[in-house]
Amino acid sequence: MFDISVFASFRVNETIEFLVTETTRNTWIVMGLLLILAVVVRIKSNKWNPMDRPTGLQNVIEMCVDAWGKFFRGNSNDTVAYFAPWFFSLFAFLVISNLIGITGLRPPTADWGMTFPLALTTFFLIQYAGIRHRPKAYLKGIFLEPVFVFAPLNIMGELARPISLSFRLFGNILGGMILLSLLYGIAPIIAQFVLPVALHMYFDLASGALQAVIFTVLSLTFVGVAAES
Amino acid sequence: MNPQFLFILTANRYRPLLDMDLQMFVDMLPNLLNFLITAALLTYLLYKPVRRVLQARADRVEGDIKDAAQNKATAEELKTQYEQKVKDIEVERNAILDEARKQAGEKRDQILETAKAEAQDVKERASRDIATELEQTKGAVHQAIVDISTDMAAKLISATIDKNAHDKLFSEALAELEATPAFSKETVAV
């Protein structure tokens, strides 16, 4: 019932084929929404004068970007400040992906095939930040602390991070989607006019936004700690 | 709640939700690519332009704050200089006033001295004039009395004296006159 629809497929060879799934399609929708916003902002930003009082869209966007800057500095450190745009994009993508469930579409994040690549990018960023900013200390922390025999455990701990991150997000979003689907599927028709409002508010709005925050905060905290312990 | 109207796509089959096979990881590639494209475009189309605007505003505000601080420092320096000038002017004014008072005092004393001297001169001149006038008046009165007395005596004598008495008086007067050193016979002879 909760398997992922496949709309089209492109077979590469006997074992590999690329699928256009429900996740892929809904990701395109999320991308479309974000990119329309980005293009509008890019076009309008040419006319924005820093000395004018911001109004309308400029005000909202500036508030979001400025708030993100403060949020980033509060949860990470200045050493990895160059990752702020990346995590801003990640957060925006996750928020829209999680909230899109309220329209009845399946959130892309309700697919581990979406959340794991995102968590995998975080994993690589952690390694990159650690090795770039304090290579000796970082590698020593993995392979020699507290003593070298713990290296396998440390490596497993590192590898567990993307799995933990991805399953936390995937499980929460999928759980909310399953609950709402069950409600729409089995509840009496009269119950479908009032009760879903509260459930959508929690599972799509509150939980969706919360999970986006948790994923992003954990990611940038891991990266920040790796760069500057 | 069927969202199929968004795309003319119909599910022809289903992929298992969590099937840990190679296909699962192959399906991740387009998802990862989609996110990377989204992140890149969001960064370059949205985040950086907005950040530039915010940075420009922050720089401008910081510049304004620095200017304000500099202006404040300049104003305080000017205020200090102004207050010092006011103090200097006060001192200079007092000095000028003191000098003016001193000069005025000296001038006053000088004027007073001059006035006193002039008054003394006037007074002395007046005294001399009065004395002269008095002497002249005295002389005039004396001459008038003499003239009147002479006239009265002549009239009285001419009215009362006879020839004998006249001669007798003339002789006595002549004798008295001759008795004085200025009109003695020796002096007259010389």
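As a starting point, this report considers the structure included with it. (Residues numbered from 1 in each chain as written. Chains lettered and ligands numbered in written order. Predicted model: local features only at pLDDT ≥ 70, side-chain atom pairs only at ≥ 80, totals over all residues.)

1. Points about the sheet that holds strand β2 (residues 17-21) of chain A
Going by this rule: Pairing between strands requires that DSSP locate at least two bridges from one strand to the other. Numbering goes from the N terminus for both helices and strands, where a helix is a DSSP run of H or I of at least four residues and a strand is a run of E of at least two. For helices, the fitted line uses only the C-alpha atoms of the stretch in contact; every axis is such a line through C-alpha atoms, and the angle between N-to-C directions lies from 0 to 180 degrees.
If you trace the three strands from one edge of the open sheet to the other, you get β2(A)-β1(A)-β1(B), paired in antiparallel fashion. Pairing within the sheet leaves two strands with one partner each, and these edge strands are β2 of chain A together with β1 (13-15) of chain B. Neighbouring strand axes in the sheet, compared pairwise and without regard to direction, differ in orientation by 60 degrees on average.

2. Things to note about the pairing of β2(A)
Residue and element names in this part refer to chain A. Bridge analysis of strand β1 (residues 4-11) against β2 gives five bridges, and the strand direction is antiparallel. What sits directly across from Ala-8, in β2, is Val-20. Hairpin connection of β1 to β2: five residues between the antiparallel strands.

3. Notes on helix α2 (residues 56-75) of chain A
In an α-helix, one full turn covers 3.6 residues, which means residues spaced three or four apart are oriented alike. The line we're drawing: To estimate how far a helix should reach, multiply one less than its number of residues by 1.5 Å. Any pair of residues counts as being in contact when their C-beta atoms, constructed from backbone geometry, are within 7 Å of one another.
Taking 1.5 Å as the rise per residue, α2(A) with 20 residues should run 28 Å; its terminal C-alpha atoms sit 29 Å apart, in good agreement. At its buried positions, α2(A) is contacted by α1 (22-45), α3 (84-99) and α7 (195-227) of chain A together with α1 (22-160) of chain B.

4. Some thoughts on the interface of chain B and chain A
Put simply, the rule reads: Any residue that is not Ala, Val, Leu, Ile, Met, Phe, Trp, Tyr, Cys, Pro, Asp, Glu, Lys or Arg is counted as polar, Gly included; the first ten are nonpolar and the last four charged.
With 41 residues of chain B at the interface, the matching set in chain A holds 48 residues. At the level of secondary structure, the elements contributing two or more residues to the side of chain B that touches chain A comprise β1 and α1 of chain B. With 27 residues, α1(B) is the single largest residue contributor to the side of chain B that touches chain A. Of the residues contributing to the side of chain B that touches chain A, the split by class is 28 nonpolar, six polar and seven charged. Across three bridges, the pairing between β1(A) and β1(B) is antiparallel. Within the sheet, the bridge partner assigned to Ser5(A) lies in β1(B) and is Tyr14(B).

5. With respect to the nonpolar core
Rule in force here: In this usage, the nonpolar core is the set of buried Ala, Val, Leu, Ile, Met, Phe, Trp, Tyr and Cys residues whose C-beta atoms join them within 7 Å. Residues with at least 20 neighbouring C-beta atoms inside 10 Å of their own are called buried, those with 12 or fewer are called exposed, and the rest are partly exposed, where every C-beta is derived from the backbone.
Membership of the largest hydrophobic core comes to 54 residues, with the highest contact counts inside it found for Leu34(A), Phe87(A), Leu90(A), Phe93(A), Val223(A) and Leu42(B). Elements with a minimum of two residues in this core: α1, α2, α3, α4 (112-133), α6 (151-186) and α7 of chain A together with α1 of chain B. Here this core takes ten residues from α3(A), the largest share from any one element. Excluding anything up to four places from it in sequence, Leu34(A) contacts Ala92(A), Phe93(A), Ile96(A), Thr38(B) and Leu42(B).

6. Some words on the packing of α6(A) against α7(A)
All names here are of chain A. Selection rule: If an angle is under 35 degrees, it is roughly parallel; if it is over 145, roughly antiparallel; if it lies from 65 to 115, roughly perpendicular; otherwise it is oblique.
Across the interface, α6 lies against α7 with an axial gap of 10 Å and an inter-helix angle of 175 degrees. It follows from the interaxial angle that α6 and α7 lie roughly antiparallel. Tallied by class, residues from the contact of α6 with α7 come to 13 nonpolar, seven polar and two charged.

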